[in-house]
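Chain and residue survey
Letter by letter, the chains look like this.
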Amino acid sequence: MSASTREAVLGRIRRSNGARPNDPERRRIVEERMAGAPVGIVPQRGRLPQDEQVALFIRMAERANATTARIAGYGDLADEVSRWLRENNFPADLRMSEDPRFANADFDATSLTIRKGVSDGDDLNGLSHAETAIAETGTLVLVSGPENPTSLNFLPENHIVVVKADSIGGEMEAVFPMLRARYGKGEMPRSLNFVTGPSRSGDIEQTLLLGAHGPRALHIVIVD
Amino acid sequence: MQITSHTFKANTVKALADVELQRALGHVEKGFIDKRQTAVDALPEFDALRDNAVAIKNHTLKHLDLYIEAYVAKVEASGGIVHFAEDADHARKIFLDIARKRNAKTVTKGKTMISEEIGLNAFLEENGIVPVETDLGEYIIQLRGEHPSHIIAPAVHVTRDQVEADFRRVHVDLDPNRNLVEPETLLGEARQILRRKYAEADIGVTGANFLIAETGSSVIVTNEGNGDLTQLLGKCHVVLASIEKLVPTLEDTAQILRILARSATGQDMSVYTTLSTGPKRDADLDGPEEYHVILLDNGRSNMLGTEFEEMLRCIRCGACMNHCPVYHAVGGHSYGWVYPGPMGAVLTPSLIGVDKSGHLPNASTFCGRCESVCPMRIPLPKMMRHWREKEFESHLQPRTQRTGLGVWAFFARRPVLYRAAVSMAMPLLKLAAGRKRRFASLPLAGGWTKWRDLPAPEGRTFMQQYAQKSHATTGDKR
């Protein structure tokens, strides 16, 4: 880093703000703010009992043009994936992540051609597991890592995402304590993806078109 | 890019006569205003969130030096590199240095306004590096050799017919008889062509909607997914961001996200909101090998502590231009630089100087809609007035205008004299107008009377009529 530019920029900010560089009071305010991470205003919309949060999540995700299905357990996942692909006339090919939660899903019993791991860019259908989801806006929360490579969220033509019903939270603020518990305070996965519906563009005459550069269709499977 | 803000008047004359542009601009009102209102009405806490967002940004700006220090430490801890850039030229040099070290030939780009601000594309081309815009709107205007005319809808000035013509002109290896009538097929064609580019790119460039001090993350908010493919598949990810993008925590980011998408496109949440922290990790199967942030000042640190500080709260949602009657009429290119509409009219003079910004602070009817819809409650009309004052103080207006204003100010500050002068002038003007009771031409007001007649005064001033009417009313009561 160009240390001199850094000091010049920070120095100008201090001068403009009339602030002293080593003011312990200011440092305390800033450190407390980051440590305390006050929650601010959380809309009433998502503040519901958990089962109603799942219902709200489904409603909001569908409003964002995703489709949803609810299954009793991972044992039903392979059938649900096959059904959705078949009913939409999508090819019986699937690139799936190696999330350990898929261990109880029996894809061998289906006629799907399965490939695993990172997407090569030619995958028609992808399957990932979300960490959690947000009822308030129908948003999926996916984290990067060897279990769920981020490229699966963006490269396949169609994306199927599994989320556990009991992991769904009311609002975005419910996600952050979970991240801090898993990665540590101030630490993050390399990529944290909030996904609300399939990709879209309004760049031609402000007309909404689904299926821009990311997936054209998003199917969410909620596992009880 | 060449700055044409100083010829704003001439730009607008051209824009108003441009039939295709006028057709395209019709989509701004249709496409944004109702959607925003519907989204806002569906969230009772919207105004409270605005207040909190203002408080968050004000707090951050007050301690910006410390939040930047905390942010840099977190980026470095996650394996990323932060480069401070004084100005556009410095930022370009830093970028070229990163590109040279990687022997970069092609650069994919998600949507970034800072790239426009530093003129990155032209600079890369001069240095033999190919920039590829991947956002559909940015891709369209790159094909056309243009600049964005809107901060979130860069090709809002282009019609579907023009896009089709551009695609046929440039995509010559595709079947010339293909059917491109439906907008979906245009989108599909762009998707197809850009798909190959992401993984070939040596560098993927994105902007940032937020930089989070707590975690050292850069945040992009998009709908198409191109920004994510750009930052994920390029071998090296370079974030272009300006210093005021800092927010303290994840929770603060969530607060502002709630008002950002609603104000911009009327969505509760954009399709993709992605937080990126550092390069690919050891166990990761994908991700960039390097992660750089170029943190641009370019005049912003000098805005702190001035009457323009509040402009640094701007989150680039575009609501002000979507609701601006001037923008609706003349489009974004008339503003002559990177940032159009009311936010551009305030920010441009701050960044390039009021002397180069010409009429921008005057490009307002002061109807106040921009301020009323601004999620960050930035007093845009008030700031345009500040610029007008500075323009006057620096003697930037033509002499006739200054003299006119001076004469008016002399009388306006002396009410007795003002009323006397006006009550004398009224009957004279009535007399001069004659039986037509209107003027087809007037000295010093040719610009006005060129397009319409000026109705002549009816003989008495407002104050005279007011005095008479209130007297009559009180008289009736008695």
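The rules behind these values
- Residues numbered from 1 in each chain as written.
- Chains lettered and ligands numbered in written order.
- Predicted model: local features only at pLDDT ≥ 70, side-chain atom pairs only at ≥ 80, totals over all residues.
- Helix = DSSP H or I, 4+ residues; strand = E, 2+ residues; numbered from the N terminus.
- Buried ≥ 20, exposed ≤ 12 C-beta atoms within 10 Å, placed from the backbone.
- Contact = placed C-beta atoms within 7 Å.
- Domains from an automatic or database assignment.
- Core = buried A, V, L, I, M, F, W, Y, C linked by C-beta atoms within 7 Å.
- Nonpolar A, V, L, I, M, F, W, Y, C, P; charged D, E, K, R; others polar.
- Pairing = 2+ DSSP bridges.
- Arc of directions from axis to C-beta.
- Axes fitted to C-alpha atoms, helices over the stretch in contact; angles between N-to-C directions.
- Parallel < 35°, antiparallel > 145°, perpendicular 65-115°, else oblique.
- Expected span 1.5 Å × (residues − 1).
- pLDDT = per-residue confidence, 0-100.
- Left-handed = near helix turned anticlockwise from the far one by under 90°.

1. Some points on the overall build of chain B
For chain B, the count of helices and strands is 21 helices and 12 strands. Projected onto its principal axes, the C-alpha positions of chain B cover 90 × 60 × 45 Å. For chain B, buried positions account for 50% of its 478 residues.

2. Description of the overall build of chain A
For chain A, the count of helices and strands is six helices and 11 strands. Referenced to the eigenvectors of the C-alpha coordinate spread, the extents of chain A come out at roughly 70 × 40 × 40 Å. Expressed as a percentage of contacts within chain A between residues at least 6 apart in sequence, the contacts between residues at least 24 apart total 73%.

3. What to know about the domain arrangement of chain B
For chain B, the assigned domains read domain 1 (1-31 + 319-397), domain 2 (43-296) and domain 3 (415-477). Taking the mean C-alpha position of each, domain 1 of chain B and domain 3 of chain B sit 32 Å from one another.

4. Observations regarding the domain arrangement of chain A
Parsing chain A into structural domains produces domain 1 (3-36) and domain 2 (45-223). If you average the C-alpha positions of domain 1 of chain A and of domain 2 of chain A, the two centres end up 41 Å apart.

5. Regarding the nonpolar core
The biggest cluster of nonpolar side chains holds 180 residues, and the ones touching the most others in it are Ile294, Leu296 and Val346 of chain B. Setting aside residues up to four positions removed in sequence, isoleucine 294 of chain B forms contacts with His83, Ala85, Ala91, Ile94, Phe95, Val238 and Leu240 of chain B.

6. A word on the interface of chain B and chain A
Of the residues lining the interface, 82 residues belong to chain B; the matching set on chain A comes to 64 residues. Looking at the side of chain B that touches chain A residue by residue, the class counts come to 36 nonpolar, 26 polar and 20 charged. In this sheet, strand 9 (residues 272-276) of chain B lies alongside strand 8 (residues 191-195) of chain A in antiparallel orientation, the contact comprising five bridges. Paired with valine 195 of chain A across the bridge in strand 9 of chain B is tyrosine 272 of chain B.

7. Comments concerning helix 4 (residues 77-87) of chain A
Residue and element names in this part refer to chain A. Leu77, Ala78, Val81 and Leu85 are the residues of helix 4 that are buried. Buried residues of helix 4 fall within an arc of 100 degrees about the axis and therefore sit on the same side. Where helix 4 is buried, its residues touch strand 1 (67-71), strand 2 (93-96), strand 4 (125-129), strand 7 (158-164) and strand 11 (217-223). Immediately downstream of helix 4, the backbone of asparagine 89 shows phi near 60 degrees, a positive value.

8. Comments concerning the sheet that holds strand 8 of chain A
The mixed open sheet is built from seven strands, whose spatial order is 5(A)-6(A)-8(A)-9(B)-6(B)-5(B)-8(B). Where the open sheet ends on each side, the last strands, each with one partner, are strand 5 (132-134) of chain A together with strand 8 (246-247) of chain B. In this sheet, strand 8 of chain B lies alongside strand 5 (residues 210-212) of chain B in parallel orientation, the contact comprising two bridges. Residue pairing in the sheet places isoleucine 212 of chain B in a bridge with valine 247 of chain B of strand 8 of chain B.

9. A short note on the sheet that holds strand 7 (residues 236-242) of chain B
Residue and element names in this part refer to chain B. Within the open sheet, the six strands sit side by side as 1-10-7-4-2-3. Their pairing is parallel. Unpaired on one side and paired on the other, strand 1 (81-85) and strand 3 (130-133) mark the two borders of the sheet. Between one strand axis and the next, the sheet turns by 25 degrees as a mean value, whatever way the strands run. The sheet contact formed by strand 7 and strand 10 (residues 290-296) spans seven bridges and is parallel. Pairing of histidine 237 across the sheet is with tyrosine 291, part of strand 10. Taken strand by strand, helix 11 (residues 226-233) contacts strand 2 (106-109), strand 4 (203-206) and strand 7, and its axis lies near 140 degrees from that of strand 4.

10. What to know about the packing of helix 1 (residues 3-17) of chain A against helix 4 (residues 64-77) of chain B
Two numbers describe how helix 1 of chain A lies on helix 4 of chain B: the axes approach to 8 Å, and their chain directions differ by 150 degrees. With respect to helix 4 of chain B, the element helix 1 of chain A is oriented roughly antiparallel. Together, Leu10, Ile13 and Arg14 of chain A of helix 1 of chain A and Leu64, Asp65 and Ile68 of chain B of helix 4 of chain B make up the contact between the two elements. Split into classes, the residues belonging to the contact of helix 1 of chain A with helix 4 of chain B amount to four nonpolar, no polar and two charged.

11. Here we look at the environment of proline 375 of chain B
All names here are of chain B. Relative to the helices and strands, proline 375 resides in the loop between helix 16 (369-373) and helix 17 (380-393). Each C-alpha atom, one on proline 375 and one on serine 334, is 25 Å from the other, the two residues being 41 residues apart in sequence. Among residues more than four places away in sequence, those in contact with proline 375 are Arg50, Ala53, Ile259, Leu260, Ser263, Ile315, Cys317 and Ala319.

12. Describing the pairing of strand 2 of chain A
Residue and element names in this part refer to chain A. For strand 2 and strand 3 (residues 113-116), the ladder comprises four bridges, and the chain directions are parallel. When the bridges of strand 3 are listed, leucine 94 appears paired with isoleucine 114. Note: strand 2 against strand 4, two bridges, orientation parallel. Residue pairing for strand 4: arginine 95 is matched across the bridge by glycine 126.

13. Quick word on helix 19 (residues 415-433) of chain B
Taking 1.5 Å as the rise per residue, helix 19 of chain B with 19 residues should run 27 Å; its terminal C-alpha atoms sit 26 Å apart, in good agreement. Once helix 19 of chain B ends, the next one or two residues include glycine 434 of chain B, with phi positive near 70 degrees.

14. A look at unusual backbone geometry
Residues and elements named next belong to chain A. Positive phi outside glycine occurs at asparagine 65, with the angle close to 75 degrees. Here asparagine 65 falls in the partly exposed class, since 18 other C-beta atoms lie within 10 Å of it. One non-glycine residue with positive phi stands out, namely glutamine 206, at about 55 degrees. Within the secondary structure layout, glutamine 206 lies in the loop between strand 9 (200-201) and strand 10 (209-210).

15. Concerning the confidence of the model for chain B
Note: predicted coordinates in regions of low pLDDT should not be interpreted at a detailed level. The share of residues in chain B with pLDDT of 70 or more is 99%, and the mean pLDDT across the chain is 93. Here the predicted complex scores 0.93 on pTM and 0.97 on ipTM.

16. Describing the environment of aspartate 135 of chain B
All names here are of chain B. Inspection of the secondary structure assignment puts aspartate 135 in the loop between strand 3 and helix 8 (136-144). The spacing of aspartate 135 and glutamate 224 is 89 residues in sequence and 7.2 Å in space, taken between C-alpha atoms. Setting aside residues up to four positions removed in sequence, aspartate 135 forms contacts with Gly110, Lys111, Glu224 and Asn226.

17. Digging into the environment of valine 81 of chain A
Residues and elements named next belong to chain A. As for its placement among the helices and strands, valine 81 is situated in helix 4. Separated by 140 residues in the primary sequence, valine 81 and valine 221 have C-alpha atoms spaced 8.5 Å apart. Aside from chain neighbours lying at most four places away, what touches valine 81 is Leu94, Leu127 and Ile160.

18. A short note on the packing of helix 9 (residues 160-170) of chain B against helix 10 (residues 183-200) of chain B
All names here are of chain B. Remark: helix 9 packs on helix 10, axes separated minimally by 11 Å, with the N-to-C direction vectors making an angle of 40 degrees. In terms of their interaxial angle, helix 9 and helix 10 are classed as oblique. Like other packed secondary-structure pairs, helix 9 and helix 10 cross with a definite hand, here left-handed. Packed against helix 9, whose contacting residues are Arg160, Val163, Glu164 and Phe167, the element helix 10 presents Pro183, Leu186 and Glu189 at the interface. Each residue belonging to the contact of helix 9 with helix 10 can be placed in one class, and the counts come to four nonpolar, no polar and three charged.

19. Remarks on the pairing of strand 1 of chain B
All names here are of chain B. Across the five residues of strand 1, four count as buried, placing the element largely inside the fold. Pairing between strand 1 and strand 10: five bridges, direction parallel. Within the sheet, the bridge partner assigned to valine 82 lies in strand 10 and is valine 293.

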